[in-house]
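Here are the chains, one letter per residue:
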Amino acid sequence: MNTTALKETWAAAESLGDDVPLYFYSHLFLTHPELRGMFPVSMATQRDRLVGALGRIVSRVDQLDEVTAFIQQLGRDHRRFEVIAEHYDAVGVSLLATLKHFLGEGWTEELAADWAAAYGVIATVMVQAAEESEQTSPASWAGHVLAVERRSLDIAVIQVRPDPALPFEPGQAMAVESPLRPRLWRYLSPANAPRADGTLEFHVQLVPGGLWSGAMVRLLAVGETLRLGAPVGQELTLGDHERARDLLMVAGGAGLAPLRAHLERIDQHWQATGEAPDVHLFHGARVPWNLYEGKLLRDLAVRPWFTYTPVISGDPSFPGRKGLVGDVAADQAARPGLLALVCGSPDMVRHTVSRLRDAGMPSTDIRFEQFATLDEDSHAQHHRTQNPQPAPAAVERVGTRV
């Protein structure tokens with residue numbers, strides 16, 4: 001398999017812009033109209049998600065050893081769309097038909113065979129993972145809304161009880177669908193550590209023009225039922241060997257949510273054992289009233305292990321630290337042994353990671369999410385993609401924005 005050719009041909013296809021996903025979806029829906037119902041009613045926010053993510057993953061099949069766990073997780077997560085093996089065949093055929101159409105004479109017999117083989121490897125890993133997970137977990141969970149609190153001008157805090165119980169690790173995210181916006185999915189991180197009653201707390205930040213975030217913040221009511229996908233993500237989780245490491249946490253807006261979940265678990269452990277790593281949290285917002293968890297964090301700062309620094313970028317009268325949160329946090333980056341967890345808007349994450357590296361923190365000690373795509377609910381969301389998320393519906397994380 002010529003993986004160099006895979007990468008080069010995908011780069012050529014990506015350079016053609018929107019014509020590629022338009023052709024892909026036209027081919028997919030014409031040949032398999034039964035799949036149209038798996039996608040949002042409006043495809044405006046879908047754009048190049050599926051075809052773009054597939055192309056990037058398949059063209060990197062030579063890195064399979066590094067991303068197998070991630071691809072398996074995608075296969076499990078896709079069960080919420082009721083995806084079956086035959087659907088992978090349909091998508092693969094449309095992907096190859098699209099490449100053939102745009103590459104023209106460059107679509108040789110050898111290249112076609114390499115793309116087919118690479119796609120087959122990826123699809124097989126995903127299908128097998130999905131089949132194995134059928135033995136132990138549902139395809140999706142019902143999330144019963146227990147409370148909705150408008151915590152600030154643009155943030156709602158939502159309490160949800162999953163049915164059945166939904167195990168997760170702090171730092172993970174799960175796709176969420178609201179009956180107010182059918183077939184639109186967004187990734188949210190629980191803002192709490194696992195609780196005895198199994199409930200979850202989500203922080204949703206209103207994005208101007210965002211169809212999904214607007215409905216969740218303004219319209220969601222107690223008694224409604226969300227649909228939740230399987231927990232995904234490893235970038236912001238902490239393994240057993242990492243939980244003792246001192247932490248530098250940098251959050252923008254509701255990007256605080258997964259970091260708050262870690263704080264809750266650390267505090268529980270400290271109360272039970274008296275042991276905890278040193279943790280310094282920098283939380284950035286544009287104006288002071290968007291520091292929506294300020295009281296909780298100030299109260300937590302009486303603990304000997306926790307330091308809280310709010311940072312405001314848009315109010316010169318603020319008496320505390322002012323500027324971009326990444327610039328302020330970088331002052332701590334030279335401290336040896338720290339592990340940094342960064343969560344926020346793409347611009348905030350990009351700037352913060354750059355500043356931490358410039359300040360001397362090794363890249364291996366800086367952790368941040370790896371999603372990909374854009375829409376009006378995401379400010380351009382996540383990320384420069386090393387681990388793209390190929391989902392057949394809108395799957396942006398919401399609530400991790402400055």
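In this text the structure is predicted, and so the values were computed from the model without any measurement.

Enquirer: Sorry, what's going on with the overall build of the protein here?
Expert: What the protein contains, in helices and strands, is eleven helices and 13 strands. At a minimum sequence separation of 6, the contacts of the protein that also span at least 24 residues come to 73%. Looking at the protein as shown, the accessible area adds up to about 16,600 Å², and 53% of this sits on carbon and sulfur atoms.

Enquirer: Help me out: how do you make sense of the sheet that holds strand 7 (residues 247-252) in this one?
Expert: Adjacent strands of a sheet form backbone hydrogen bonds with each other and so pair up, either parallel or antiparallel. The strand order 10-9-8-7-11-12 describes an open sheet built from six strands, whose pairing is parallel. On the outer flanks of this sheet lie strand 10 (321-322) and strand 12 (366-368), each paired with one strand and no other. Alignment of strand 7 against strand 11 (residues 339-343), held across five bridges, turns out to be parallel. Looking at strand 11, one finds that M249 is bridged to L341. Lying on the sheet, helix 8 (residues 256-273) is in contact with strand 7, strand 8 (279-285), strand 9 (306-312) and strand 11; it crosses strand 7 at an angle near 145°. Sitting on the sheet, helix 11 (residues 346-358) is in contact with strand 7, strand 11 and strand 12, with an inclination near 160° to strand 11.

Enquirer: Just to check I follow, could you spell out unusual backbone geometry for this structure?
Expert: Most peptide bonds take the trans form, and the phi angle of most residues other than glycine is negative. With an omega of 0°, the peptide bond running from D163 to P164 counts as cis. Of note, the phi angle at R183 is positive, near 70°, even though the residue is not glycine. Mapped onto the fold, R183 is located in the loop between strand 3 (174-177) and strand 4 (184-188). Residue classification places R183 among the partly exposed residues on the basis of a relative accessible area of 27%.

Enquirer: How should I be thinking about the nonpolar core in this particular structure?
Expert: Where a protein is soluble and globular, its nonpolar side chains tend to be buried together. Grouped together as the largest cluster of nonpolar side chains are 44 residues, with contacts concentrated most on L28, I71, L95, W115, Y119 and I122. Those elements that provide at least two residues to this core are helix 1 (3-14), helix 2 (19-31), helix 3 (49-58), helix 4 (64-77), helix 5 (85-103), helix 6 (109-133) and strand 4. Take this core: its biggest share by element is ten residues, from helix 6. Counting 26 residues, the second largest nonpolar core, distinct from the first, contains I155, A251, L281 and F306.

Enquirer: How should I be thinking about the environment of D278 in this particular structure?
Expert: Position of D278 relative to the elements: it lies in the loop between helix 8 and strand 8. Take D278: its relative accessible area is 35%, and that puts it in the partly exposed class. When the C-alpha atoms of D278 and L248 are compared, they prove to be 8.6 Å apart, with 30 residues separating the residues in sequence.

Enquirer: Looking at this structure, I do not really get helix 1. What am I missing?
Expert: Look at helix 1: 16 Å from first C-alpha to last across twelve residues, which is about the 16 Å you get at 1.5 Å a residue. When we look at burial in helix 1, the residues that qualify are A5, L6, T9, W10 and A13. Down the axis of helix 1, the smallest arc covering the buried residues is 125°, so these residues share one side. Structurally, the start of helix 1 carries an N-cap: the backbone nitrogen of T4 is 3.2 Å from a side-chain oxygen of N2.

Enquirer: What should I look at first to understand the pairing of strand 3 in this one?
Expert: Looking along a regular strand, one sees the side chains alternate between the two faces of the sheet. Side-chain alternation along strand 3 places M174 and V176 on one buried face and A175 and E177 on a second face that is also buried. Sheet analysis places strand 3 next to strand 4, joined by four bridges and oriented antiparallel. Note that in strand 4 the partner of E177 across the bridge is W185. The turn joining strand 3 and strand 4, which pair antiparallel and follow one another in sequence, is formed by six residues; a positive phi near 70° is taken by R183. Across two bridges, strand 3 lies against strand 6 (residues 225-228) in antiparallel orientation. Paired with V176 across the strands is L228, a residue of strand 6.

Enquirer: Mind showing me how you'd approach the layout of surface pockets here?
Expert: Over the atoms a probe the size of a water molecule is rolled, and this reveals where empty space is left. Taken as a whole, the second largest pocket holds about 240 Å³ of empty space. Looking at the second largest pocket, the residues that line it are L238, R243, A244, L247, H262, R265, I266, H269, E275, A276 and P277. Sort the elements by how many residues they give to the lining of the second largest pocket and helix 8 lands first, with four residues. Class assignment for the residues of the lining of the second largest pocket results in six nonpolar, two polar and three charged.

Enquirer: Is there a simple way to explain the confidence of the model for the protein in this structure?
Expert: The predicted coordinates should not be examined in detail at positions where pLDDT is low. On average, the protein scores 85 in pLDDT, and the residues at 70 or more come to 88%. A low-confidence stretch, residues 371-402 stays under pLDDT 50, and its non-local contacts, those more than four residues away or across chains, total 174 contacts.

Enquirer: Hey, could you run me through the side chain of H280 in this one?
Expert: Relative to the assigned elements, H280 resides in strand 8. Judged by relative accessible area, H280 falls into the buried class, the value being 14%. Within polar-contact distance, the side chain of H280 engages the side chain of T309 at 2.7 Å. Contact partners of H280, with chain neighbours within four places excluded, come to L247, L248, M249, T307, Y308, T309 and Q332.

What counts and how
Residues numbered from 1 in each chain as written. Predicted model: local features only at pLDDT ≥ 70, side-chain atom pairs only at ≥ 80, totals over all residues. Heavy atoms only, no water. Helix = DSSP H or I, 4+ residues; strand = E, 2+ residues; numbered from the N terminus. Contact = heavy atoms within 4.5 Å. Areas by Shrake-Rupley, 256 points an atom, 1.4 Å probe, with all protein chains shown as cover. Pairing = 2+ DSSP bridges. Axes fitted to C-alpha atoms, helices over the stretch in contact; angles between N-to-C directions. Buried < 20%, exposed > 50% of the residue type's maximum accessible area, 1.4 Å probe, protein only. Core = buried A, V, L, I, M, F, W, Y, C linked by side-chain atoms within 4.5 Å. Expected span 1.5 Å × (residues − 1). Arc of directions from axis to C-beta. Polar contact = N/O pair within 3.5 Å; in protein donor to acceptor, adjacent residues only side chain to side chain. 1 Å grid on protein atoms, 1.4 Å probe; cavity = no way out; pocket = protein on both sides within 12 Å on 5 of 7 lines; lining within 4 Å. Points joined across faces, edges and corners; volume = space filled by probe spheres on them. Nonpolar A, V, L, I, M, F, W, Y, C, P; charged D, E, K, R; others polar. pLDDT = per-residue confidence, 0-100.

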